[in-house]
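Chain by chain, the residues run as shown.
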Amino acid sequence: MMPPGAGGGATSVGRMCGIVGFTGSSSAAAPGPEGLAVVLEGLRRLEYRGYDSAGVAVLADGPGADGTPPGLTSAKRAGRLARLVEALEESPLLEGSTAIGHTRWATHGGPTDANAHPHLSADGRLAVIHNGIIENYAVLKAELQAEGVVFASETDTEVVTHLLARTLAEQPAGGAGALAESMRRVCRQLDGAFTLLAVHADSPGTVVGARRNSPLVVGLGDGANYLGSDVAAFIAHTKEALELGQDQVVQITATAVEVTGFDGTPVTPRAFTVDWDAEAAEKGGHPWFMDKEIHEQPKAVADTLLGRSDAAGAMVLDELRIDESTLRGIDKIIVIACGTAAFAGYVAKYAIEHWCRIPVEVDLAHEFRYRDPVLTPRTLVVAISQSGETMDVVMAVRHAREQGAKVLAICNTRGSTIPRESDAALYTHAGPEVAVASTKAFLAQITACYLLGLYLAQLRGNLFPDEVAAVIGQLHAVPAAVQEVLDGAEAVRALARELVDAPTVLFLGRHVGYPVALEGALKLKELAYIHAEGFAAGELKHGPIALVEPGQPVFVIVPSPRGRDSLHAKVISNAAEVRARGARTIAIAEVGDDAVLPHADVVIRVPAVPTLMAPLVTVVPLQIFAMEVATAKGYDVDQPRNLAKSVTVE
Ligand code: M6R
């Protein structure tokens, strides 16, 4: 949130924005790639990170039309990126091969043109963009105001701009590296979380970036270099990238990348190659990214399983960097995650406890450290995050490690903060997830958790090799089962069109069906803005059943009748209880389960799979349902209101 005293009344602004920087070779005689085009393309790919406003700044290669010397030219607009593009068509910027761009997300306060980034110095020669929060903003602002600095926006970012301009003015004129050195000096004065990019008219062909607790990666091009909040910013141009660590400043030119700590110590960043290409981050003929990502789920599961078992069926997890004796000695697992990733953790709890006989707790990452959790060197903390940048999870990971626990990250994004700061990483291979609503990452996270559970069970001797192999076989059958659901989804789509005006929808599940119910409700809330609740089916009669009125839609996730204990019968009873009170019951039930028929108004069929595999299949109709309701309502499925893909503020 914006620090106190930010002005403008109750304005409290936090950002998890998209940031792009680019510089390519250029001279007046041989102009390089057009910086603006590269940056706008990057912003288009990053818009899922925030879409309240957008802005760009370009260092012009040559003089202006009126003969003014080369300088900085910029534009910014409240609203979606398209509004900025329209504005640029009406009033084009000067051409240049060095540029920065920003797409913003705000938690409070109306997004305005003035608050959009970049923020310029008083002389208009310096531009700064920012993701994060400057926590000591108010103190710094007061100091600057006392010196006569006039602020043009309500943002904390503008403090950095003026501090940087002031520090730069104190550097030897035109000194090489003056912008980077000034950035280091300014960063040492800042508290909070930030990724910053800056360009200055006196540093042609140079972009300087800095990061603390907010994401920033470098893209290495041929005669050009890139900076981005994530690799999507430059994936159209290069797959070769560098990870930046905490408290580092980077300076890019067309031919060089220099990284130092905030204290100026040179750093050699870790290189990595992105394992997906630009096409994977395009809609590919689907109406929404979410639709494409839902259809990629069979592949996401299959790719996450790839190469993880040997010819004899035994588990091989080569990304694990925690030694086997430590893993054998684990006496508790705590899963930390947020949103959909946390629901994957709830599913994993049932499987891991069943296979490994280790107690598993699941904590929302933002609650974890505040409850003073009991952590010892024998605790394994499993941090699940698609983006690898969710700040609540980052902070929880740090807390766990400080307390001596081992942390294993299950993550979809190479080069991101969470796996880098963990003791081990197990990557999901879902490919880029662009839609704000998580779908294929959920299935891949459950798959990865299961792999971890099987690995531990094998290592600790809880399961025999043939038992592990049997479950691996069940996992390998999941992609075909998910495909079957996708192929037969018309009934769900029709149901969505019918229920488009439902004011509230309830979801019931038991055992692994419970987190599926929670996920079904979350999808409907975030995409269709319909009030929805997921309940443990057994909890109904302890209160929530009072909500049921005639006509109330209630989804019931029905376990397999071939499953364990009396789960199936219990859930059927719960369906009967709500139907007896007038609910319109929609059963998600396996093919051939006729016991459900007397208790369901609608039955959505899914293929028969073993109990622990069921969440990977039964969640799919719920994802499609939410997407279709949102589409029918005319909402933007990929960028629902008030949300951003990656929540990089606490
Ligand atoms: O990138 P992460 O997996 O850490 O993100 C966690 C949540 O923010 C995310 O799953 C969120 O709940 C999605 N919008 C759900 O669709």
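Computed from a prediction, not measured in an experiment: that's the story for all the values here. (Residues numbered from 1 in each chain as written. Predicted model: local features only at pLDDT ≥ 70, side-chain atom pairs only at ≥ 80, totals over all residues. Heavy atoms only, no water.)

## Description of the nonpolar core
Formed by 135 residues in total, the largest nonpolar core has its most connected members in Ile-333, Trp-355 and Leu-524. Sequence-distant contacts of Leu-524, defined by excluding residues within four places in its chain, comprise Val-505, Phe-507, Tyr-529, Ile-530, Ala-532, Phe-625, Ala-626 and Val-629. Counting 26 residues, the second largest nonpolar core, distinct from the first, contains Ile-134, Leu-144, Phe-151 and Leu-168. (Core = buried A, V, L, I, M, F, W, Y, C linked by side-chain atoms within 4.5 Å. Buried < 20%, exposed > 50% of the residue type's maximum accessible area, 1.4 Å probe, protein only. Contact = heavy atoms within 4.5 Å.)

## Quick word on the packing of aromatic side chains
Tallied over the full model, the rule gives eight aromatic pairs. A ring pair is formed by Phe-343 and Tyr-346, whose centres lie 6.2 Å apart and whose planes are at 25 degrees; its orientation type is stacked. Taken together, the residues Phe-343 and Tyr-346, both in helix α9 (residues 339–356) and three residues apart, mark about one turn of the helix. Between Trp-355 and Tyr-450 the ring centres are 5.3 Å apart and the planes differ by 80 degrees, which places this aromatic pair in the edge-to-face class. (Phe/Tyr/Trp six-rings, centres within 6.5 Å; stacked < 30°, edge-to-face > 60°. Helix = DSSP H or I, 4+ residues; strand = E, 2+ residues; numbered from the N terminus.)

## Overview of the site of the ligand
Neighbouring the ligand are 14 residues; Ser-385, Gln-386, Ser-387, Thr-390 and Glu-526 lie closest to it. At 2.6 Å, a side-chain N or O of Ser-385 approaches an oxygen atom of the ligand. A distance of 2.8 Å separates an oxygen atom of the ligand from a polar side-chain atom of Lys-523. About the coverage of the ligand: the protein hides 90% of its 420 Å² of free accessible area. Here the shell around the ligand is composed, by residue class, of five nonpolar, seven polar and two charged. Residue contributions to the shell around the ligand reach at least three from each of two domains, namely domain 2 (283–476) and domain 3 (480–639). (Near = heavy atom within 4 Å. Polar contact = N/O pair within 3.5 Å; in protein donor to acceptor, adjacent residues only side chain to side chain. Areas by Shrake-Rupley, 256 points an atom, 1.4 Å probe, with all protein chains shown as cover. Nonpolar A, V, L, I, M, F, W, Y, C, P; charged D, E, K, R; others polar. Domains from an automatic or database assignment.)

## Things to note about the pairing of strand β24 (residues 602–606)
Strand residues, when the strand is regular, have side chains that alternate between the two faces of the sheet. Across the two faces of β24 the burial differs, with Val-602, Ile-604 and Val-606 buried and Val-603 and Arg-605 not buried at all. Bridge count between strand β23 (residues 584–590) and β24: five bridges; the pairing is parallel. Bridged to Ala-589 within β24 is Arg-605. (Pairing = 2+ DSSP bridges.)

## Here we look at the confidence of the model for the chain
Across the chain, the average pLDDT comes to 91, with 93% of residues at or above 70. Note that residues 1–15 has pLDDT below 50 and, in this model, 48 contacts with residues that lie over four places away or in other chains. (pLDDT = per-residue confidence, 0-100.)

## Concerning the UniProt feature "active site" (unreviewed entry) in the chain
Per the UniProt record, the feature "active site" (unreviewed entry) sits at Cys-17 and Lys-645. The largest pairwise C-alpha distance within this set of annotated residues, which runs over 629 residues, is 9.5 Å, so the set is compact in three dimensions. If you trace the backbone, Cys-17 turns up in the segment before β1 (18–24). Accessibility expressed as a relative area gives 0% for Cys-17, which makes it buried. In this structure, Cys-17 is in contact with Arg-49, His-102, Thr-103, Arg-104, Trp-105, His-130, Asn-131 and Ser-229, ignoring residues within four places of it in sequence. Ignoring any residue separated from it by four or fewer positions in sequence, one finds Lys-645 in contact with Tyr-48, Arg-49, Gln-386, Glu-433, Val-434, Ala-435, Val-436, Ala-437 and Ser-438. Polar side-chain contacts of Lys-645 include one of 2.8 Å to the backbone oxygen of Ala-435. (UniProt positions renumbered as here; feature names shortened; annotations may be inferred.)

## Observations concerning helix α18 (residues 567–580)
Taking 1.5 Å of rise per residue, 14 residues should cover 20 Å, and α18 covers 20 Å from first to last C-alpha, within 8% of that figure. Within the sequence span of α18, burial applies to Leu-567, His-568, Val-571, Ile-572, Asn-574, Ala-575 and Val-578. The arc that holds every buried residue of α18, seen down its axis, measures 155 degrees, which confines them to one face. Residues of α18 that are buried make contact with β20 (504–509), β22 (553–557) and β23. Positive phi appears at Gly-582, one or two residues downstream of α18, with a value of about 95 degrees. (Expected span 1.5 Å × (residues − 1). Arc of directions from axis to C-beta.)

## Some details on the sheet that holds strand β16 (residues 360–364)
Spatial ordering of the open sheet is given by β16-β15-β17-β18-β19, a layout of five strands whose pairing is parallel. Two strands lie at the open edges of the sheet, namely β16 and β19 (424–427), each paired on one side alone. Between one strand axis and the next, the sheet turns by 20 degrees as a mean value, whatever way the strands run. The sheet contact formed by strand β15 (residues 332–337) and strand β17 (residues 379–385) spans five bridges and is parallel. Note that in β17 the partner of Val-335 across the bridge is Val-382. Against the sheet, α9 makes contact with β15, β16 and β17, and its axis sits at roughly 175 degrees relative to β16, the strand it touches most. (Axes fitted to C-alpha atoms, helices over the stretch in contact; angles between N-to-C directions.)

## Structural notes on the domain arrangement of the chain
When its domains are assigned, the chain resolves into domain 1 (18–280), domain 2 (283–476) and domain 3 (480–639). For domain 1 versus domain 2, the separation of C-alpha centres amounts to 34 Å. Contacts between the two partners involve 17 residues from domain 1, matched on the other side by 13 residues from domain 2. Carbon and sulfur atoms supply 53% of the area that domain 1 and domain 2 bury against each other, a total of about 1300 Å² over both sides. At the boundary of domain 1 with domain 2, the tally comes to two salt bridges. Taking the shortest distance from any N to any O, the salt bridge between Glu-243 and Arg-420 comes out at 3.8 Å. Taken together, the residues of the side of domain 1 that touches domain 2 break down into nine nonpolar, three polar and five charged. (Buried area = accessible area lost by both parts, 1.4 Å probe. Salt bridge = Lys/Arg side-chain N within 4 Å of Asp/Glu carboxyl O.)

## Digging into the side chain of Ser-203
Position of Ser-203 among the secondary structure elements: in the loop between β7 (192–200) and β8 (207–212). A relative accessible area of 16% places Ser-203 in the buried class. If we skip the residues at most four places from it in the chain, Ser-203 touches Leu-59 and Leu-179.

## Digging into the pattern of salt bridges
Under the definition given, this model contains 32 salt bridges. Glu-296 is the partner of Lys-292 in a salt bridge, and the nearest nitrogen-oxygen pair spans 3.1 Å. Looking at Lys-292, the relative accessible area reads 9%, which means it is buried. A salt bridge links Lys-523 to Glu-526, with the nearest nitrogen and oxygen atoms 3.0 Å apart. Taken together, the positions of Lys-523 and Glu-526, both in helix α17 (residues 513–528) and three residues apart, correspond to about one turn of that helix.

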